[in-house]
Amino acid sequence: MIDIHCHILPGLDDGAKTLVDSLMMAKAAVRQGIDTIIATPHHNHKYVNSRNNIIDMVDYLNENITDNSIPSNNLCFIISEGIS
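Rules and cut-offs
- Residues numbered from 1 in each chain as written.
- Predicted model: local features only at pLDDT ≥ 70, side-chain atom pairs only at ≥ 80, totals over all residues.
- Heavy atoms only, no water.
- Buried < 20%, exposed > 50% of the residue type's maximum accessible area, 1.4 Å probe, protein only.
- Helix = DSSP H or I, 4+ residues; strand = E, 2+ residues; numbered from the N terminus.
- Pairing = 2+ DSSP bridges.
- Right-handed = clockwise from strand over helix to strand, strands pointing away.
- Contact = heavy atoms within 4.5 Å.
- Axes fitted to C-alpha atoms, helices over the stretch in contact; angles between N-to-C directions.
- Left-handed = near helix turned anticlockwise from the far one by under 90°.
- Nonpolar A, V, L, I, M, F, W, Y, C, P; charged D, E, K, R; others polar.
- Polar contact = N/O pair within 3.5 Å; in protein donor to acceptor, adjacent residues only side chain to side chain.

Engineer: Please provide a residue-by-residue account of the pairing of strand E2 (residues 36-39), values included.
Structural biologist: Alternating positions in E2 separate into two faces, Thr36 and Ile38 on one and Ile37 and Ala39 on the other, with burial throughout. Bridge analysis of strand E1 (residues 2-6) against E2 gives three bridges, and the strand direction is parallel. Considered in E2, the bridge of Ile2 is made with Thr36. Assessed by its sense of winding, the connection that carries the chain from E1 through helix H1 (residues 19-31) to E2 is right-handed.

Here it is, written out as structure tokens:
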């Protein structure tokens, strides 16, 4: 199953605040049968997230998901062309 809207990236918006929060969310997703998560951080007047920062955070979280032996297909992300 695919979660198409998740604020799993740590510290980027009003979702996961820490890496520990993100890993707990990933574990919960796996228990619910989710194997792919599309990370969708806010990008607005309150949360300004650069494209590179989002990509770096996805890589960081993927590494930690692997290091913590959390089974998953992959962690995906969506980036709007409007994000700079």
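Having seen the model, we can carry on.
Engineer: Quick one: what's the story with the side chain of Ser22, residue by residue and with numbers?
Structural biologist: Relative to the helices and strands, Ser22 resides in helix H1. Residue classification places Ser22 among the buried positions, given a relative accessible area of 0%. For Ser22, the residues in contact, after removing those within four places along its chain, are Ile8, Leu9, Pro10, Ala16 and Leu61.

Engineer: So what's going on with the packing of H1 against helix H2 (residues 51-67)? Residues and values would help.
Structural biologist: Where H1 contacts H2, the axes come no closer than 11 Å and their chain directions differ by 60 degrees. Every pair of crossing elements has a handedness; the one defined by H1 and H2 is right-handed. Of the residues in H2, those in contact with Leu19, Ser22, Leu23 and Ala26 of H1 are Tyr60, Leu61, Asn64 and Ile65. Grouping the constituent residues of the contact of H1 with H2 by class yields six nonpolar, two polar and no charged.

Engineer: Which residues make up the environment of Asp35, and what values do they have?
Structural biologist: The residue Asp35 is located in the loop between H1 and E2 in this model. According to the relative accessible area criterion, Asp35 is partly exposed, its value standing at 34%. Between the C-alpha atoms of Asp35 and Pro71, which are 36 residues apart in sequence, the distance is 7.7 Å. Within the structure, the side chain of Asp35 is placed 3.2 Å from the side chain of Thr36, a separation counted as a polar contact.

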